[in-house]
Amino acid sequence: NKKVQEVRTRQELNQYCPPESRVCVIGLLNGDRSTEEASKKLEENLAVLNLALKKHPHLSFVWVDAICHSEALLTFNVQDESVPTVVVYSPVLKE
């Protein structure tokens, strides 16, 4: 049973969304687990991504803690107040 993988580095992104992939779905989430409420929200967001992966197993799905790795927000031109959100990335086109 495949699960959405967390990526922390460019190497992990390339591993789970290889350059030859046509499409990669990236969840930009708040990975905060410091409170029960924050942990619950993260688990809910991951459940949504995992459900999408189950429905679309031909696509690559990953998630990034956009709070810890704010450079991901810059890369995809996303404002921090938009987190959680999802971006669709094409490694082949690099866009």
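Everything discussed here concerns the structure shown above.
Residues numbered from 1 in each chain as written. Predicted model: local features only at pLDDT ≥ 70, side-chain atom pairs only at ≥ 80, totals over all residues. Heavy atoms only, no water.

(A) A look at the nonpolar core. Counting residues in each nonpolar core, the largest one holds 15 residues, and the members touching the most others are Leu 13, Cys 24, Ile 26, Leu 28, Val 62, Val 64 and Leu 73. Elements with a contribution of two residues or more to this core: strand E2 (24-29), strand E3 (60-65), helix H3 (71-75) and strand E4 (85-89). Once residues within four sequence positions are removed from consideration, Leu 28 is found in contact with Val 64, Ala 66, Ala 72, Leu 73, Val 78, Val 83, Pro 84, Thr 85 and Val 87. Counting residues in each nonpolar core, the second largest holds 9 residues, with Leu 29, Leu 46, Leu 53 and Trp 63 among its members. (Core = buried A, V, L, I, M, F, W, Y, C linked by side-chain atoms within 4.5 Å. Buried < 20%, exposed > 50% of the residue type's maximum accessible area, 1.4 Å probe, protein only. Helix = DSSP H or I, 4+ residues; strand = E, 2+ residues; numbered from the N terminus. Contact = heavy atoms within 4.5 Å.)

(B) Molecular detail of the state of the cysteines. Evaluated as defined, the whole model comprises 1 disulfide. The disulfide partner of Cys 17 is Cys 24, and the gap between their sulfur atoms is 1.8 Å. The residues Cys 17 and Cys 24 share a single accessibility class, namely buried. Cys 17 supplies the cysteine sulfur nearest to Cys 68, a cysteine that is in no disulfide, at a spacing of 19 Å. A relative accessible area of 59% means that Cys 68 is categorised as exposed. (Disulfide = S-S within 2.5 Å.)

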